[in-house]
Amino acid sequence: MKKLGSSSKVTKKAIFVKLQIMRLGEKTYKKKQEANRMFAAIGDFTLFFWQTLKEAFSLDFEFNEFLRQCFQIGYKTVPLISVTGMIMGAVLTIQSRPVLADFGAVSLLPGMVAASIIREMGPVITALICAGKIGSGIGAELGSMKVSEQIDAMEVSSTHPIRFLVVTRVLAATLMIPVLVMYADALGILGSWAAINIKGSVSFVLFFHQAFRVIDFMDFFPAVIKTFFFGAAIGLVGCYKGYTAAQGTESVGKAANSAVVIASLLVIIIDLIAVQITDMLL
Amino acid sequence: MSNKVGDIAKSSETSNLVIEINNLSKGFDDLQVLKNLSLNLFNGENLVVLGKSGSGKSVLIKCIVRLINSDRGTIKVFGKNVNELKSKELSKLRQKIGFLFQSGALYDSMTIKQNLEFPLIRIKKKLTKKERDEKIEEVLENVGLTDTLHKMPSELSGGMRKRASLARTIIVDPMIMLYDEPTTGLDPETSSGISTLINDVQKKYNTSSIIITHDIECARATADRIIMLKDGDVYMEGNIDEFENSSDETIQSFFKEKP
Ligand SMILES: Nc1ncnc2c1ncn2[C@@H]1O[C@H](COP(=O)(O)OP(=O)(O)O)[C@@H](O)[C@H]1O
Ligand SMILES: [Mg+2]
């Protein structure tokens, strides 16, 4: 009896171990599949990027659609950027003032605020807002075009959808986001001046002079360069997510959502890389 | 040439093949949608393809214009194997094929006029602006939509959208028409209007058509010949009388199921 009991215990243990191993195997398999999917997605995106690049250099460029997209992406985002730019500058000023006042260096305030807006705050905040507004807009638009067969319709009427839809949007985003950033920078500095004038009064000329005394070309140039990459990333991710939306209406929402998430993430990553490179060069 | 479906007695007027599909197979992941399907379309005929939803009807006609790449088998359109065409040749071939999408697929962001101009500008490059406008007017008149020129697709009713979409398809004078469920989701009256239009298009432009539907009325009104898809292959082939008098259960249920 005893023997039997112990042997059954052994078998039980063996079965348990076997089950654990099987479970582990299953988990590994699942992870492997996940990894495969991720690599497939990266491969897919690379292919998409390559096709876009190829179509961008094809002979007939869809100029009208490009202009329409510039309007859509650039002009229609102006109100949002105006408000956020102003507030960004004002808030930065109000927050920094006490610290500088402690050191008795309030006169450095305009320069410090301008530098941080131009180098970092302006580009990144604007790009993140654009990732939200433009990325989701493009993702949802192309996603619904895909789901309602409009992209197929384009293809059978001998128009390459990537040339018509993607190239124009990516290019428009790449060109418009730097413009929006510069505009946001300008409004941010204006907002800063307004905030300074809440306490005491500084003439705009004096403020401007103090602000731009500390800023040189190397503050400005890398910041502008990186915004082109922000724009390209936002446009590409939005288009990719929309263009590859699955069947069914709910995938439109998913496309828009993941476009925003990935575009925002890319903006931050590109910013990190840009800062590193600038740091190395200086 | 046409002895593959020689059992259908239409050979006298339709001796020339327009589309020839042999042993076509297509699957998605583990779902096998089309299995060794063979089908011919003859010049000038209206071929109706019946089948339950999900039976692969849309996949079939999307394979013909290579919106979907098939796994195995050959598809010849005007004697050319579509799977072997280079992108330029494919684009040329697609210009001869009109595709009416199930959802209409009108471009949401464009007016009806811009929708119709879209293929016209790109395919009929030689037309002047005046000729284009005339053509647009003519085609819209043909489908009975004269005063919608500057409306957006979202402002039109379902039936009007289908007709606008049909107008966009026929504006470039296709030789083959592929209709994906042209009457689905429309009321009976509008449906019969669309069926009439399909017949008008065939007569006026002498097109050969594949009409996918599960609307029996539409099949009655338009079909020269009918095939029924089931389990990824042709289940039955015949004319409308043969289908209606069939004692086969699957076909009976199909013909009685719907009003
Ligand atoms: N692009 C695709 N990816 C995956 N599955 C698809 C795709 N297109 C169609 N299918 C599947 O193929 C089957 C047939 O679809 P379809 O041809 O649209 O049917 P229907 O006869 O109703 O037109 C369906 O089960 C559908 O889910
Ligand atoms: Mg279908």
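From a predicted model like this one, the values you see are computed outputs, not experimental measurements.

**Q** Describe the coordination of the magnesium ion (ligand 2), naming the residues involved and giving the relevant values.
**A** Put simply, a metal with four donors set out as a tetrahedron has ideal angles of 109.5 degrees, and one with six donors set out as an octahedron has ideal angles of 90 or 180 degrees. For the magnesium ion (ligand 2), every protein donor is listed as Ser58 of chain B (OG) and Gln102 of chain B (OE1), and the spread of their distances is 2.0 to 2.7 Å. Pair noted here: Ser58 of chain B is in helix H1 (residues 57-64) and Gln102 of chain B is in the loop between strand S6 (97-100) and helix H3 (112-123), with a separation of 44 residues, a long-range link.

**Q** Got a sec to walk through the environment of Ile210 of chain B? Specific residues and values, please.
**A** Tracing the sequence through the fold places Ile210 of chain B in strand S8 (residues 208-212). Sequence separation of Ile210 of chain B and Thr111 of chain B is 99 residues, and the distance between their C-alpha atoms is 28 Å.

**Q** For unusual backbone geometry, give the residues involved together with the corresponding values.
**A** Its identity as a non-glycine residue notwithstanding, Glu149 of chain A has a phi of 65°, on the positive side. Its location among the elements puts Glu149 of chain A in the loop between helix H4 (109-147) and helix H5 (150-156). A positive phi is found at Asp173 of chain B, a non-glycine position, where the angle reads about 50°. Note that Asp173 of chain B resides in the loop between helix H5 (158-170) and strand S7 (176-180). Taking relative accessible area as the criterion, Asp173 of chain B reaches 31% and is therefore assigned partly exposed.

**Q** Provide a residue-level description of helix H8 (residues 217-243) of chain A, including the pertinent values.
**A** Between its terminal C-alpha atoms H8 of chain A stretches 39 Å, which fits the 39 Å expected from 27 residues at 1.5 Å a residue. Put simply, Asp216 of chain A is the residue that caps the front of H8 of chain A, since its side-chain oxygen is 3.1 Å from the backbone nitrogen of Met218 of chain A.

**Q** I'd love a proper account of the sheet that holds strand S4 (residues 72-77) of chain B, names of residues and values included.
**A** All names here are of chain B. One open sheet holds the four strands; their spatial order is S2-S1-S4-S5, and the pairing between them is antiparallel. Of all the strands in the sheet, the pair left with one neighbour each is strand S2 (31-42) and strand S5 (80-81). Docked against the sheet, H1 engages strand S1 (17-28), S2 and S4, running at close to 120° with respect to S1.

**Q** Tell me about the site of ligand 1, and please be specific about residues and values.
**A** Near ligand 1 you find Gln247 of chain A together with Phe28, Leu31, Val33, Lys52, Ser53, Gly54, Ser55, Gly56, Lys57, Ser58 and Val59 of chain B, and these make up its full shell. More than one chain lines the surroundings of ligand 1; the residues nearby belong to chains A and B. A distance of 3.3 Å is found between an oxygen atom of ligand 1 and a backbone nitrogen or oxygen belonging to Ser55 of chain B. Contact between ligand 1 and Lys57 of chain B: an oxygen atom at 2.9 Å from a main-chain N or O atom of the residue. Protein burial of ligand 1: of its 560 Å² of free accessible surface, 67% is covered by the chains. Contributions of two or more residues to the shell around ligand 1 are made by S2 and H1 of chain B. Residue contributions to the shell around ligand 1 peak at three residues, all from H1 of chain B.

**Q** With reference to specific residues and values, describe the sheet that holds strand S3 (residues 46-50) of chain B.
**A** Residues and elements named next belong to chain B. Read from one edge of the open sheet, six strands run S6-S7-S8-S3-S9-S10, paired in mixed fashion. Each edge of the open sheet carries a strand with a single partner, namely S6 and strand S10 (233-238). Each strand of the sheet is rotated relative to its neighbour by a mean of 20°, with strand direction disregarded. Direction of pairing for strand S9 (residues 225-230) relative to S10: antiparallel, over a ladder of five bridges. Residue Leu229 lies in a different strand from S10, and its bridge partner there is Val234.

**Q** Lay out the packing of H3 of chain B against H5 of chain B in plain terms, naming residues and giving numbers.
**A** Residues and elements named next belong to chain B. Running from N to C, H3 and H5 point in directions that differ by 25°, and their axes come no closer than 8 Å. Put simply, H3 runs roughly parallel to H5. In this structure, H3 meets H5 at a crossing whose hand is right-handed. Two secondary-structure elements touch here, H3 through Ile112, Asn115, Leu116 and Pro119 and H5 through Ala164, Ala167 and Arg168.

**Q** I'd like a rundown of the UniProt feature "transmembrane region" (unreviewed entry) in chain A, residues and numbers included.
**A** Residues and elements named next belong to chain A. Mapped onto this numbering, the UniProt entry gives "transmembrane region" (unreviewed entry) at residues 73-92, 164-184, 190-208, 220-243 and 255-275. Structurally, residues 164-184 is divided into 100% helix and 0% strand, and its ends, taken at the C-alpha atoms, are 29 Å apart. Strand forms 0% of residues 190-208 and helix 63%; the C-alpha atoms that close the span are 9 Å apart.

**Q** Any details on a nonpolar patch on the surface? Residues and values, ideally.
**A** Residue and element names in this part refer to chain A. A cluster of nonpolar residues, Phe61, Phe63, Leu67, Leu171, Leu175, Phe217, Met218, Phe221, Ile225, Phe228, Phe229 and Leu282, forms a patch on the protein surface that exposes about 1100 Å² of accessible area. Contributions of two or more residues to the nonpolar patch are made by helix H2 (63-73), helix H6 (161-196) and H8. Ranked by the residues each element gives to the nonpolar patch, the list is headed by H8, at six residues. For Phe61, a relative accessible area of 33% gives the class partly exposed.

**Q** Quick rundown of empty space enclosed by the protein? Include the residues and the values.
**A** Residues and elements named next belong to chain B. All told, the structure shown has three cavities of 30 Å³ or more when counted by the stated rule. Volume-wise, the largest cavity comes out at about 150 Å³. The element best represented in the lining of the largest cavity is S6, accounting for three residues. When grouped by side-chain class, the residues that make up the lining of the largest cavity number nine nonpolar, four polar and two charged.

**Q** Explain the interface of chain B and chain A to me, using residue names and the numbers behind them.
**A** One widely used convention gives an interface's size as the accessible area the parts lose upon coming together. Counting from both sides, the interface comprises 21 residues of chain B and, opposite them, 15 residues of chain A. For the pair chain B and chain A, the summed buried area comes to about 1500 Å², and 51% of that belongs to carbon and sulfur atoms. Inspection of the region where chain B meets chain A yields four salt bridges. For the salt bridge of Lys62 of chain B with Asp152 of chain A, the shortest nitrogen-to-oxygen distance reads 3.9 Å. Taken together, the links from chain B to chain A amount to twelve residue pairs in polar contact (both at pLDDT 80 or more). When contributions to the side of chain B that touches chain A are tallied by element, the ones reaching two or more residues are helix H2 (87-94) and H3 of chain B. With four residues, the single largest contributor to the side of chain B that touches chain A is H3 of chain B.

Reading the values: the criteria
Throughout, a residue's number is its position along its own chain's written sequence, starting from 1. Each chain is given a letter, starting from A, and each ligand a number, starting from 1, according to the order in which they appear as written. For this predicted model, a pLDDT threshold of at least 70 governs which residues receive local features, and a threshold of 80 or more governs which side-chain atom pairs are given and counted, while totals over whole chains, interfaces and linings are taken from all residues. For side-chain calculations, the full set of non-hydrogen atoms in the structure is used, while hydrogens and water are omitted. Each metal's donors are the N, O and S atoms found within 2.8 Å of it, except that Na, K and Ca use a 3.2 Å limit; water is left out, so coordination can look incomplete. Put simply, DSSP marks the helices as runs of H or I at least four residues long and the strands as runs of E at least two long, and each gets a number from the N terminus on. Buried means the residue's accessible area, taken with a 1.4 Å probe over protein chains only, is under 20% of the maximum for its type, while exposed means over 50%, and partly exposed covers the values in between. Expected helix span is computed as 1.5 Å times (number of residues minus one). A 3.5 Å cut-off defines polar contacts: any pair of N or O atoms within that distance qualifies, except that in protein one atom must be a possible hydrogen donor and the other a possible acceptor, and neighbouring residues in sequence count only when both atoms are side-chain atoms. Between any two strands, at least two bridges found by DSSP are needed for them to pair. Should any heavy atoms of two residues lie within 4.5 Å, those residues are counted as being in contact. Angles here are taken between N-to-C directions and fall from 0 to 180 degrees, while the axes themselves are lines fitted to C-alpha atoms, restricted in helices to the stretch in contact. Whether a residue is near a molecule or strand is decided by its heavy atoms; if any one of them lies within 4 Å of it, the residue is near. Accessible surface is estimated by sampling points in the Shrake-Rupley manner with a 1.4 Å probe; for residues, cover comes only from the protein chains shown. In this scheme, roughly parallel covers angles under 35 degrees and roughly antiparallel covers those over 145, while 65 to 115 is roughly perpendicular and the rest are oblique. Left-handed describes a crossing whose near helix is turned anticlockwise from the far helix through less than a right angle; right-handed describes the clockwise counterpart. UniProt positions are given in the numbering used here, feature names are shortened, and annotations may be inferred rather than shown by experiment. Surface patches are drawn from residues lacking salt bridges whose relative accessible area is over 30%; two like charges belong together within 9 Å, two nonpolar side chains (Val, Leu, Ile, Met, Phe, Trp, Tyr) within 5 Å. Any carboxyl oxygen of Asp or Glu within 4 Å of a side-chain nitrogen of Lys or Arg constitutes a salt bridge here. We place a 1 Å grid over just the protein atoms. Points where a 1.4 Å probe fits but has no way out form a cavity, open points with protein on both sides within 12 Å along at least 5 of 7 lines form a pocket, and any residue with an atom within 4 Å of a point lines it. Grid points are joined across faces, edges and corners, and a volume is the space filled by probe spheres set on the points. Under the grouping applied here, Gly and all other residues not named as nonpolar or charged are polar, the nonpolar ones being Ala, Val, Leu, Ile, Met, Phe, Trp, Tyr, Cys and Pro and the charged ones Asp, Glu, Lys and Arg. Buried area: the accessible surface (1.4 Å probe) lost by two parts on joining, summed over both.

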